[in-house]
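Chain residues, written in single-letter form:
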Amino acid sequence: MTILNIETSGKICSVAITMNGALELQLDDDSGMQHANRLAPFVDRCMAELRRRDIPLDAVAVSMGPGSYTGLRIGLSLAKGLAFSLGVPLIGVDTLQTIAVKAMFRPLPWTGEEILVPMVDARRMEVFTAAYDFALNPVVEPGAMIIDADSFKDLLDSGRQLYFMGDGAEKVKEVIKHPNAHWVDGLLPQAKDMLALAEKSFRNGDFLDVAYSTPNYLKAYQTTKPRNLLKTLG
């Protein structure tokens, strides 16, 4: 199976072609939130490569969040348009699970009994997070959480080894102090990390509704109300 993977939930704009468990091509931009400028050209280059090699595309996979509201909307909108125009299935991949899977492939002394805690940065001390075992069963359901010293205390006190990862984990290192808390640094989701989850969804026929699917924000989008300049000047 050949899948075009789109990851725009965070700071990295990333597109990859994966084929039967292997990475064929990946394009990344980590210069900041440049998704609106970078994503379409990346997709065009990937599609040109598939045409050059005369390889049909079987599906489009896209990160569904949580993450940047703007990035997720940009990624899903383009993925929907591409899937619809090509008549191929659309696959949604959970960003927290993508980060957890990326950690699994790190050369760490895993036993399979650890709990993986991916964290996506939100405002101040808030993160989007969940906790998974090595089969990606949720030990703590995904949600928005304000981190303090007692966060995940019950799991940590139980003796389980918790591994925290993702850009949200960076800012809580000094808050969660426990001998069973460990940190996996430098884990940001990229399109190539979606490979296993996207192929599993394809095999299971787990596809999104191209018309009605929406990003998984995990909390309501909050807009900033503009100031009334006339009132201010008066």
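Fair warning: this is a prediction, and the values are worked out from it, not measured in the lab. (Residues numbered from 1 in each chain as written. Predicted model: local features only at pLDDT ≥ 70, side-chain atom pairs only at ≥ 80, totals over all residues. Heavy atoms only, no water.)

Participant: Explain the nonpolar core to me, please; I cannot follow it from the model alone.
Facilitator: In summary, soluble globular proteins display a tendency toward joint burial of nonpolar side chains. Counting 29 residues, the largest nonpolar core has A61, V93, L116, L136 and M165 as the members making the most contacts within it. At the level of elements, β4 (59-63), α2 (69-86), β5 (90-93), α3 (95-104), β6 (115-121), β7 (126-132), β9 (162-165) and α6 (195-204) are the ones that each hand at least two residues to this core. Here this core gets six residues from one element, more than from any other, and that element is α3. Leave out the neighbours within four places in its chain, and V93 touches A61, V62, S63, M64, G65, T98, M194, L197 and A198. L4, I17, M19 and M64 belong to the second largest nonpolar core, which has 24 residues in total. (Core = buried A, V, L, I, M, F, W, Y, C linked by side-chain atoms within 4.5 Å. Buried < 20%, exposed > 50% of the residue type's maximum accessible area, 1.4 Å probe, protein only. Helix = DSSP H or I, 4+ residues; strand = E, 2+ residues; numbered from the N terminus. Contact = heavy atoms within 4.5 Å.)

Participant: It is not clear to me how the sheet that holds strand β8 (residues 138-146) should be interpreted in this structure. Could you clarify?
Facilitator: Strands in a sheet are paired, the pairing made by backbone hydrogen bonds, and the direction either parallel or antiparallel. Pairing within the open sheet is mixed, and its five strands lie in the order β8-β7-β6-β9-β10. Both edges of this open sheet fall to β8 and β10 (181-184), since each of them pairs with a single strand only. The average angle at which neighbouring strand axes cross in this sheet is 20°, direction not considered. In the sheet, β6 pairs with β7 via four bridges, with the strands oriented antiparallel. Bridge pairing in β7 places L116 opposite Y132. Sheet contacts for α3: β6, β7, β8 and β9; angle to β6, the most-contacted strand, approximately 130°. (Pairing = 2+ DSSP bridges. Axes fitted to C-alpha atoms, helices over the stretch in contact; angles between N-to-C directions.)

Participant: How do you make sense of the pairing of β6 when you look at a structure like this?
Facilitator: Within a regular strand, the side chains alternate between the two sheet faces. Within β6, six of the seven residues are buried, which leaves the element mostly enclosed by the surrounding structure. Taking the residues between adjacent antiparallel strands as the criterion, β6 and β7 are bridged by four residues, where R124 takes a positive phi near 50°.

Participant: How should I be thinking about the packing of helix α1 (residues 35-52) against α2 in this particular structure?
Facilitator: When two helices pack together, their arrangement is given by the angle between the helix axes and the distance between those axes. Relative to each other, α1 and α2 sit at 30°, their axes nearing to 10 Å. Classified by the angle their axes make, α1 and α2 are roughly parallel. Crossing of α1 over α2 shows right-handed handedness. Residues H35, A36, L39, A40, V43 and M47 of α1 form the contact with α2, whose participating residues are G71, I74, G75, L78, L82 and L86. (Parallel < 35°, antiparallel > 145°, perpendicular 65-115°, else oblique. Left-handed = near helix turned anticlockwise from the far one by under 90°.)

Participant: Before we go on, may I ask you to explain α6 in this structure?
Facilitator: Given 3.6 residues per helical turn, the α-helix brings residues three or four places apart onto the same face. Buried within α6 we find L195, L197, A198, E199 and S201. Where α6 ends, the next residue or the one after it, G205, has phi of about 65°, a positive value.

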